[in-house]
Amino acid sequence: MAAAWGLSLTAAALRAVTPWPRGSRLLAASRGRRALREVSSSPEAGEGQIHLTDSCVRRLLEITEGSEFLRLEVEGGGCSGFQYKFSLDTVINPDDRQGEEGVFEQGGARVVVDSDSLAFVKGAQVDFSQELIRSSFQVLNNPQAQQGCSCGSSFSVKL
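Residues numbered from 1 in each chain as written. Predicted model: local features only at pLDDT ≥ 70, side-chain atom pairs only at ≥ 80, totals over all residues. Heavy atoms only, no water.

A closer look at the overall build of the chain
No. 1: A count of helices and strands for the chain gives two helices and 10 strands.
No. 2: If you list the helices and strands of the chain from N to C, you get β-β-α-β-β-β-β-α-β-β-β-β.
No. 3: By residue count, 48% of the 159 residues in the chain fall in the buried class.
No. 4: Within the chain, counting contacts between residues at least 6 apart in sequence, those at least 24 apart form 57% of the total.
No. 5: Counting every atom, the chain has about 7700 Å² of accessible surface; 52% of that belongs to carbon and sulfur. (Helix = DSSP H or I, 4+ residues; strand = E, 2+ residues; numbered from the N terminus. Buried < 20%, exposed > 50% of the residue type's maximum accessible area, 1.4 Å probe, protein only. Contact = heavy atoms within 4.5 Å. Areas by Shrake-Rupley, 256 points an atom, 1.4 Å probe, with all protein chains shown as cover.)

Have a look at this one:
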């Protein structure tokens, strides 16, 4: 479904409510790996953690209300095999990782990853990028990804 929408939404559309399973709102699908951005992660964050860039934290604080958080999921799809899906959510599901593995909080901004998806993104960075043609959350420098497709919307995993 996200592929049919061009895999990204404008910044103005990020707050628009789009129905999605489990009470979440689709924000954007990542366009893949980009240049390294400044990261504001805690020094004790290990390779099993998700690191949030300063721009990601700022944008999440702007768009989330109350108990909302950013949900990061990995789905099968795209020309390389897997793709990222971002949505705003308020419900912690039974398959979400709790504590230090799965709920990542930084500066008041929270990102939640389910246990299956965490295996595909541990050690990666989540960024918010603003460009002339789009604004979106994206996953950068994913140590679990071997390569991406030429458009950057999907990735394959290291075996």
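Looking at the confidence of the model for the chain
No. 1: For the chain, the average pLDDT comes to 73, and 64% of its residues sit at 70 or higher.
No. 2: Per-element confidence in the chain ranges from a low mean pLDDT of 44 for strand 1 (residues 25-28) to a high of 97 for helix 1 (residues 54-63).
No. 3: Ignoring residues within four places in sequence, the model shows residues 1-45, a span with pLDDT below 50, making 117 contacts including any to other chains. (pLDDT = per-residue confidence, 0-100.)

So, the nonpolar core
As a rule of thumb, nonpolar side chains are buried together in soluble globular proteins.
No. 1: Residues Leu72, Val126 and Phe137 are the most contacted members of the largest nonpolar core, which totals 26 residues.
No. 2: Per-element tally for this core: the top contributor is helix 1, with four residues.
No. 3: Among residues more than four places away in sequence, those in contact with Leu72 are Tyr84, Lys85, Phe86, Val111, Val112, Val113, Asp114, Ser117, Val121, Val126 and Val139. (Core = buried A, V, L, I, M, F, W, Y, C linked by side-chain atoms within 4.5 Å.)

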